[in-house]
Amino acid sequence: MTDEKNKKGDGSIEPMEYQDDENQERGNWTGKLDFLLSCLGYAVGLGNVWRFPYLCYKHGGGAFLIPYTIMLIFIGVPCFFMEISIGQFAALGPVTIYSNMAPLFKGLGFANFMASSFVGIYYNMIIAWTIYYLFASFTSHLPWSDCNNEFNSEFCFSITDYKNCLELRDNSTENSDAIYHMGRCLSNDDDLAKIRDNLTHFYGCTFEEKFYNNPLDKTDGVNYTLPKPGIYLNSTDCVEAGRENEIQSLFDIPNSKRRTAAQEYFQKSVLVQSNGIEEMGSIQWHLALCLLAAWIVIFCCLIKGIKSSGKVVYFTATFPYFVLFILLGRALFLEGAIDGIRFYIIPDFDRLSDISVWSAAAVQIFFSLSVAGGGLITLASYNPFHNNVVRDTVIVCLGNCLTSFIAGFAIFSVLGFLAHELGVDVQDVVQDGTGLAFIAYPDLVTRIVGAPFWSFLFFAMLFTLGLDSQFAIVETILTGILDFAPQWRGKKTLIVGIVCIVGFFCGLPLTCEGGGYVLDFLDFYAAGWPYLFIGLTELILVCYVYGIENFMDDLYNICGFNPGLWCKTIFMFVYLIISPLLILVILIVDWSQYTPLTKDEYVYPWAANAFGFVIAFISILAVPIVAVYLYGSTLFENSKNHQMSDALKRTNAELLRPTAEWRKNADRAKRQDARNGNNESGFEGRDNPGLVTD
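Residues numbered from 1 in each chain as written. Predicted model: local features only at pLDDT ≥ 70, side-chain atom pairs only at ≥ 80, totals over all residues. Heavy atoms only, no water.

An ideal rise of 1.5 Å per residue puts 26 Å on 18 residues; helix H10 (residues 285–302) measures up with 25 Å between its terminal C-alpha atoms. Within H10 the residues assigned to the buried category are Leu287, Ala288, Cys290, Leu291, Ala294, Trp295, Ile298, Cys301 and Leu302. For H10, the angular spread of buried residues about the axis comes to 165 degrees, placing them on one side. Summarising the geometry of H10, the exposed residues directed more than 90 degrees from the buried face are Trp285 and Leu289. (Helix = DSSP H or I, 4+ residues; strand = E, 2+ residues; numbered from the N terminus. Expected span 1.5 Å × (residues − 1). Buried < 20%, exposed > 50% of the residue type's maximum accessible area, 1.4 Å probe, protein only. Arc of directions from axis to C-beta.)

Let us now look at helix H18 (residues 451–484). An ideal rise of 1.5 Å per residue puts 50 Å on 34 residues; H18 measures up with 49 Å between its terminal C-alpha atoms. Summarising burial for H18: 30 of the 34 residues are buried, a large majority.

Among the surface-exposed residues, Ile355, Ile540, Tyr544, Phe573, Ile577, Leu581, Leu584, Val585 and Ile588 lie close enough to one another that they form a single nonpolar patch of about 790 Å² accessible area. Secondary-structure elements contributing two or more residues to the nonpolar patch are helix H21 (529–559) and helix H22 (565–592). If you tally residues by element for the nonpolar patch, the top one is H22, at six residues. Secondary-structure assignment places Ile355 in helix H14 (residues 355–368). The class of Ile355 is partly exposed, set by a relative accessible area of 40%. (Patch = residues over 30% accessible without salt bridge, like charges linked within 9 Å, V, L, I, M, F, W, Y side chains within 5 Å. Areas by Shrake-Rupley, 256 points an atom, 1.4 Å probe, with all protein chains shown as cover. Salt bridge = Lys/Arg side-chain N within 4 Å of Asp/Glu carboxyl O.)

With that settled, the discussion passes to the state of the cysteines. Here a disulfide denotes one covalent bond, and it connects the sulfur atoms of two cysteines. A complete count under the given rule lists three disulfides for this structure. In this model, Cys147 is linked to Cys156 through a disulfide, with the two sulfur atoms separated by 2.1 Å. Handedness here is read from the sign of the S-S torsion; for Cys147 and Cys156, about -80 degrees, the answer is left-handed. The disulfide that involves Cys205 links it to Cys238, with 1.9 Å between the sulfurs. Here the disulfide of Cys205 and Cys238 is right-handed, its torsion about the S-S bond being about 85 degrees. Within this pair, whereas Cys205 is found in strand S4 (residues 204–212), its partner Cys238 is found in strand S6 (residues 238–240), the two being separated by 33 residues in sequence. Residue class for Cys205 comes out buried when judged on its relative accessible area of 16%. By relative accessible area, which is 23% here, Cys238 ends up partly exposed. (Disulfide = S-S within 2.5 Å.)

What follows is the structure in structure tokens.
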């Protein structure tokens, strides 16, 4: 129930739960650690576990840490600090904050809202996968431990069964001809005859015929290669077709044709994956139910907004670290782990001359710190006005990057173990994206004593990692709606429910047989270029339109931030030149090096890629389209009563200067400081006066 005295002048109702907060209209975090843990949980997500380690491998191992650190300093930290500072200063969400900082940039709020909506749809699908694996772990025998399932193919490979087959072959004269094929150990004549009668099927391969620059001197390099049908003579050597008669005895599944039991379980049982995005197929109800469960969890945790999610993060933000260190401790002592770690950290400095390495480092920093997604502004908007943003920036940025680095040791220890078990090089077991989380690690736990326990622990970690990030994504959407229509704040539970229901139905296509292709499609187009563009536009808005001096004045009012003349010069140079220039270069490089999206060997059709451009540019073009419309309409109205020169001046003043709403929170804090007598201290209530220097 609400009281009449809580009714505001515009007819909206102030929720009773906010009456004791500094900001009674929107509410504040309840505890001092609520924001810090929420921010850390938002920044530290699923990508820290699989994306960062993979990029290190792909771009020169330890050498990748050099551009990564540079991009952290010149892009990650400045943008992170800027977003939580403006969010805390104005106490507004991303949908309304830009239109109040400079109305001409109103479209930036829409871009943020749309980008968060697209990401929220597919991100919760990944959480749904972790829920499915959590339930699948409640068993004494994990379903991806062997190849004895109906969905397994002829090339399914179980390392446990393979080792048992080797032992049988080596220790028994009766089974000396046994081979591992068709998902099991074959030793009787009928099974072996099936292989012998169809060698091109079971041992077929693609032979790459090489054409050298100088046919007489093969050391001069290869000019080009031509793929041709081939045949394996043993488990590793592929030669041109027609040499089948050279196979003296049958052998195990060739290495490159092996499909691990965990891989087939994920693709054939969990996803029921089709051959492409053109074949969407039907809804897989086991995934639909898990997606529903994921949205129900989000609803329950956000039912009271930050008042409920701020308490949940005390567990969800800390539990992953507990599990990560347990898994790291276990992985480091696996046989072959040192090979994986060596592969991870030994630098290849020759790769630093490749511009794509620097671009990948910058993009990873953007994703890793969750910059430009709107979530940081949303979370910071619920802070008390004088919260220490400098301290929070240092803690979250360092914590996030250290988490990525430590996760790399855990992941590559596992990959080193898998390479040792399979008898291949580490690079042959490295997989990108979801492959590390839903194939490589599940494959590992099947060979550890107490496999169901380790499986449950790992997917519980992924579940909590995903939840924290999804909290902030959905809260960004909610904050945008409620800031746009503040009269609905008294019905926040209803709005949360509607958002979750809409999110569930929008996510249903991802539960179809072609849903995995849609997820990768959204991840590539909805979360890449839009975020980079939003980050660049934010820097232009804050540093050039609003003014870097005004921004620094606001920082001083928030927390007494006054770094001194020398540091201030560096601070301004980074914000005015380095950060926006780096992001602009990254965007240009990404666009110039664009290639159509692929998934393993599947190439997305041109229509899908064209639609991907539409999704990406819905967010990007919102900024200039809204700006042109606002400028044109405002100029037209002003020109009715003024000459064109005066109309232009009035239009610029209206659209490029902050509104009264922008400083409303600062004025509220100033009045509260005066009531509390904080002005007498000379620091206006700031919590870190030590930062003030002469």
